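# Coordinates in review
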Amino acid sequence: MDTTSEIVFGCENMALSVPEMQKRLAETTRSLKLEKLLNRSLFSLSGGEKQKIACASADAIHPDIFVLDEPSSNLDTVSIKDLTSVIRHWQSEKKTIIVAEHRLYFLVPYADRILYMKHGSIAQEYTRLEFQSLSSDELQYMGLRALDPFTLPSEGLPKTDAPKLHIKGFQYSYEKYGTLNVDIPDLTLPQGEIIGIIGNNGAGKSTFARCLCGLDKKAKGLLEIDGSSYNSKQRRHISYMVMQDVNHQLFTEDVLDEMLLSMDGEDETTDTAQAKEILNSLDLLDKAKLHPMSLSGGEKQRVAIGSAIASDKKVMIFDEPTSGLDYRHMLEVSDNLNRLKEMGKSLFLITHDPELIYKCCTYLMFIQGNKVIWHRQMDKEAVKSLKEFFSQEQCE
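Residues numbered from 1 in each chain as written. Predicted model: local features only at pLDDT ≥ 70, side-chain atom pairs only at ≥ 80, totals over all residues. Heavy atoms only, no water.

Broken down by element type, the protein chain carries 14 helices and 14 strands. Computed over the C-alpha atoms, the radius of gyration of the protein chain is 22 Å, within 12% of the 21 Å expected from 2.2 N^0.38 for a compact globule of 396 residues. Overall, the protein chain is about 60 × 50 × 45 Å in size when its C-alpha atoms are taken along their principal axes. Counting only residues that meet the buried cut, the protein chain has 53% of its 396 residues in that class. (Helix = DSSP H or I, 4+ residues; strand = E, 2+ residues; numbered from the N terminus. Rg over C-alpha atoms; globule rule 2.2 N^0.38 Å. Buried < 20%, exposed > 50% of the residue type's maximum accessible area, 1.4 Å probe, protein only.)

Written as structure tokens, this is what we have:
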């Protein structure tokens, strides 16, 4: 139930003595820089913070082999830098570290071997230098992410005169702690745009998203859009959120039914045809009759995104929508988001993925300390601010 107990849980199962557990807790806390996360409720953590605690619980049992499956998927670049330090520490201890990963920029400089897998088999094997010599076109052809994603050109085109939506008096706090987790007194944003929400882990981005779509019933404030005002309860009828952990919102027995669940159900034939079209656009049509929980993490992510598209809501919130996705599927998600924008939907993207931001975001919003620090359309000034944000994170 709390972070400190979670870190030493494996040690308890190994029947280690209390002094030894305390020693390992101290070592792991120091090496992973977790001092601020100790003695916290697991349920009050952001997705990135939970991931750091999961890495800590593995570190504390001192295994000889670490297997990391998308360890950076929900982490900001500061946390990724911390993760890199941990991996380097394990390397110095002569541990074997196997990492399945789509984000390459932080990992490749330290990798001894790079295995490229395709259809369940190892298709290529590279040394670090061989892999770093691959061109951007070669990486994209292989479906791989950029080795330097922070210097990409912005492709999102903001509308010149978009109508506005207004957020007024947004406040929310967790009862146990009493401090405000969201505090946005007055905010005006464009409608029908793809708004990228950036900020470090724990800044309040996901809590803001839950308030925006009405999931947190005690959240105060109104959303004004298209001349109407919506309180928390009313916002649930006009918005849809794809959560950071999509396992919480997959309910049916097969993927096709998951799409149909989000539709109005008035015409089954029409709905089924539309659902299949959505699945095809997300490279999921061949998975239509599979159980959603049998899919990979990236496939589940795309199913949840498909359900959002099928819902046809006015406001859509995506919390780390490209978590666990390779380059090709990131592009498919980007294309679908752009289609929704052209349909007039207002999209909010919480993301640490610079490639997705540069590919489709038309507006940016920076949250820090549970407040909106700045927001602006994706122009040259925004791109400059974005690059400064990522460069500051990498330097911290």
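After that view, the rundown keeps rolling.
With that settled, the discussion passes to the side chain of Asp 216. Looking at where Asp 216 falls in the secondary structure, it is placed in the loop between α7 (205-212) and β8 (220-225). At a separation of 3.2 Å, a polar atom in the side chain of Asp 216 contacts the side chain of Arg 210. What Asp 216 contacts, discounting residues up to four positions off in sequence, is Tyr 172, Thr 207, Arg 210, Cys 211 and Ser 232. (Polar contact = N/O pair within 3.5 Å; in protein donor to acceptor, adjacent residues only side chain to side chain. Contact = heavy atoms within 4.5 Å.)

Together, Asp 264, Glu 266, Asp 267 and Glu 268 line one region of the surface with negative charge. In this structure, Asp 267 sits in the loop between α9 (255-261) and α10 (268-281). (Patch = residues over 30% accessible without salt bridge, like charges linked within 9 Å, V, L, I, M, F, W, Y side chains within 5 Å. Areas by Shrake-Rupley, 256 points an atom, 1.4 Å probe, with all protein chains shown as cover. Salt bridge = Lys/Arg side-chain N within 4 Å of Asp/Glu carboxyl O. Lys, Arg positive; Asp, Glu negative; His and termini not counted. Charge placed at Lys NZ, Arg CZ, Asp CG, Glu CD.)

Taken together, six strands build an open sheet; the order of strands is β10-β11-β12-β7-β13-β14 and the sheet is mixed. The open sheet has two edge strands, β10 (239-242) and β14 (371-377), and neither has a second partner. Strand-to-strand twist of the sheet, defined as the mean angle between neighbouring strand axes without regard to direction, takes the value 15°. Note that β10 and strand β11 (residues 315-319) share four bridges and pair parallel. By the bridge assignment, Met 241 is partnered in β11 with Ile 317. Strand contacts of helix α11 (residues 297-311): β10 and β11, with the helix running at about 175° to β10, the strand carrying the most contacts. Strands in contact with helix α12 (residues 327-342) are β7 (194-198), β11 and β12 (346-350); relative to β12, the strand with the most contacts, it is inclined by about 150°. (Pairing = 2+ DSSP bridges. Axes fitted to C-alpha atoms, helices over the stretch in contact; angles between N-to-C directions.)

What follows concerns the pattern of salt bridges. Here the structure, examined in full by the defined rule, presents 20 salt bridges. Between Glu 49 and Arg 40 there is a salt bridge, with its nearest N and O atoms 4.0 Å apart. Taking the relative accessible area as the measure of exposure, Glu 49 reaches 12% and is therefore buried. One salt-bridge network, in which partners are shared between bridges, spans Lys 33, Lys 52 and Asp 82.

For the rest of this paragraph, the subject is the packing of helix α1 (residues 3-13) against helix α2 (residues 18-32). Helix packing for two helices is described by the angle between their axes and how far apart those axes are. At a closest axis distance of 10 Å, the pairing of α1 and α2 adopts a crossing angle of 130°. Judged on the interaxial angle alone, α2 and α1 are oblique. Considering how the two elements wind past one another, α1 and α2 form a crossing that is right-handed. Taking contact as the criterion, the partners of Thr 4, Ile 7, Val 8, Cys 11 and Glu 12 in α1 are, on α2, Met 21, Arg 24, Leu 25 and Thr 28. (Parallel < 35°, antiparallel > 145°, perpendicular 65-115°, else oblique. Left-handed = near helix turned anticlockwise from the far one by under 90°.)

Quick look at the nonpolar core now. Ranked by size, the top nonpolar core spans 73 residues in total, and within it Phe 318, Leu 337 and Leu 349 carry the most contacts. Here the element with the most residues in this core is α11; it accounts for six residues. In terms of nonpolar packing, the next biggest core, distinct from the first, is built from 29 residues, Ala 203, Met 241, Val 315 and Phe 348 among them. (Core = buried A, V, L, I, M, F, W, Y, C linked by side-chain atoms within 4.5 Å.)

As paired strands, strand β13 (residues 363-368) and β14 are joined by six bridges and run antiparallel to one another. Bridge pairing links Leu 364 to Arg 376 in β14.

Of the two faces of strand β1 (residues 65-69), only the one carrying Phe 66 and Leu 68 is buried; Ile 65, Val 67 and Asp 69 on the other face are not. Here β1 runs beside strand β2 (residues 96-100); their pairing, made up of five bridges, is parallel. Across the sheet, residue Ile 65 finds its bridge partner in β2, namely Thr 96. Assessed by its sense of winding, the connection that carries the chain from β1 through helix α4 (residues 77-92) to β2 is right-handed. (Right-handed = clockwise from strand over helix to strand, strands pointing away.)

Moving on, we come to the environment of Gly 324. Counting through the fold element by element, Gly 324 comes out in the loop between β11 and α12. Judged by relative accessible area, which is 23%, Gly 324 ranks as partly exposed. Along the primary structure Gly 324 and Ile 61 are separated by 263 residues, whereas in three dimensions their C-alpha atoms are 26 Å apart. Setting aside anything within four residues of it in sequence, one finds Gly 324 in contact with Glu 70, Ser 73, His 102 and Gly 298.

Let us look at α12. Taking 1.5 Å of rise per residue, the 16 residues of α12 would be expected to cover 22 Å, and the 23 Å separating its terminal C-alpha atoms lies within 8% of that figure. Those residues of α12 that fall on the buried side of the exposure criterion are Tyr 327, His 329, Met 330, Glu 332, Val 333, Ser 334, Asn 336, Leu 337, Leu 340 and Lys 341. (Expected span 1.5 Å × (residues − 1).)

The next thing to look at is unusual backbone geometry. One non-glycine residue with positive phi stands out, namely Asn 39, at about 55°. Topologically, Asn 39 is positioned in the loop between α2 and α3 (47-59). We note that Asn 370 has phi near 70°; this positive angle belongs to a residue other than glycine. Along the polypeptide, Asn 370 turns up in the loop between β13 and β14. Taking relative accessible area as the criterion, Asn 370 reaches 18% and is therefore assigned buried.

Relative to the helices and strands, Tyr 172 resides in strand β5 (residues 164-173). Exposure remark for Tyr 172: the relative accessible area of 12% places this residue in the buried category. For the pair Tyr 172 and Arg 210, spaced 38 residues apart in the sequence, the C-alpha separation amounts to 10.0 Å.

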